[in-house]
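# Analysis of the macromolecular model
One letter stands for each residue in the lines below.
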Amino acid sequence: MIQPYAKPMSEYITLSKTQFKQIGAQVVSERTPNANEWICEYQASSNSREMHFYAHAISSKDHVYLATGTTLESHWAADSAKVKKCVDSFKVLGAAPAAK
């Protein structure tokens, strides 16, 4: 997904966490490898199903590029390595920091 967003990644993270709270999602883990990236694992319900999400967001210029892998919570133990490997391979070629 490509989202228009010209602010720093730190503000995108704050906005995302606010949106997570609004839908009842819980952050399981997160890390920021650098000032332009955020990797976040979270859990939420969707259509009465417990889901597990693993997302990698990269800010570049005036956009955030987002790759997310999703599986049923009950399948996370079996699927997590494959989901993480796929999402972690996500790169934005020529990425430049967002405007300040």
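To be clear, the structure that these remarks concern was listed above.
Read on for an overview of the structure.

## Remarks on the overall build of the protein
Helix and strand content of the protein: two helices and five strands. Starting at the N terminus and walking to the C terminus, you meet the elements of the protein as β-α-β-β-β-β-α. Taken over C-alpha atoms, the radius of gyration comes to 14 Å for the protein, in line with the 13 Å a tight globule of 100 residues would show. Projecting the C-alpha coordinates of the protein onto the three principal axes gives extents of approximately 40 × 30 × 20 Å. Residues classed as buried in the protein amount to 35% of the 100 residues present. In the protein, the share of contacts with a sequence separation of at least 24, taken over all contacts with a separation of at least 6, comes to 40%. Computed over 11 positive and 9 negative side-chain charges, the inter-centroid distance for the protein is 4 Å.

## Topic: the nonpolar core
One broad trend across soluble globular proteins is that nonpolar side chains are buried collectively. If you look at the biggest cluster of nonpolar residues, it comprises 16 residues, and the most contacted ones within it are Met9, Tyr12, Phe20, Trp38, Tyr42 and Ala57. When contributions to this core are tallied by element, the ones reaching two or more residues are helix H1 (9-23), strand E3 (37-46), strand E4 (49-60) and strand E5 (63-72). Those residues in contact with Ala57 that sit more than four places away from it in its chain are Met9, Tyr12, Asn36, Glu37, Trp38, Val64, Tyr65 and Leu66. Core analysis: the second largest hydrophobic core is formed by six residues, Ile39, Trp76, Val83 and Val87 among them.

## Comments concerning the sheet that holds strand E2 (residues 26-31)
The strands making up a sheet associate through backbone hydrogen bonding, with each pair oriented either parallel or antiparallel. Pairing is antiparallel in the open sheet, where five strands are placed in the order E1-E5-E4-E3-E2. Two strands bound the open sheet, and with one partner strand each, they are strand E1 (2-4) and E2. On average, each strand axis in the sheet is inclined to that of its neighbour by 25°, with strand direction left out of account. Sheet topology note: the E2/E3 ladder contains five bridges and is antiparallel. Each residue of the ladder has a partner; that of Ser29, found in E3, is Glu41.

Rules of the game
Note on numbering: residues in each chain are counted from 1, in written sequence order. Predicted model: local features are reported for residues with pLDDT of at least 70 only, side-chain atom pairs are reported and counted for 80 or more only, and whole-chain, interface and lining totals are derived from all residues. Side-chain metrics in this entry use all non-hydrogen atoms of the structure; hydrogen atoms and water are not considered. Put simply, DSSP marks the helices as runs of H or I at least four residues long and the strands as runs of E at least two long, and each gets a number from the N terminus on. Only the C-alpha atoms count toward the radius of gyration. The rule for a globule is 2.2 Å times the residue count to the power 0.38. Each residue's exposure class comes from its accessible area (1.4 Å probe, protein chains only) as a fraction of the maximum for that residue type: buried when under 20%, exposed when over 50%, partly exposed otherwise. Working rule for contacts: check all heavy atoms of both residues, and any pair within 4.5 Å makes them a contact. Just so you know, the count uses Lys and Arg for positive and Asp and Glu for negative, and it drops His and the chain ends. By convention, the charge on Lys lies at NZ, on Arg at CZ, on Asp at CG and on Glu at CD. Side-chain atoms within 4.5 Å link the members of a nonpolar core, which is a set of buried Ala, Val, Leu, Ile, Met, Phe, Trp, Tyr and Cys residues. In this description, strands pair whenever DSSP reports at least two bridges between them. Lines fitted to C-alpha atoms define the axes here, with helix axes fitted over just the stretch in contact, and angles between the N-to-C directions of these axes take values from 0 to 180 degrees.

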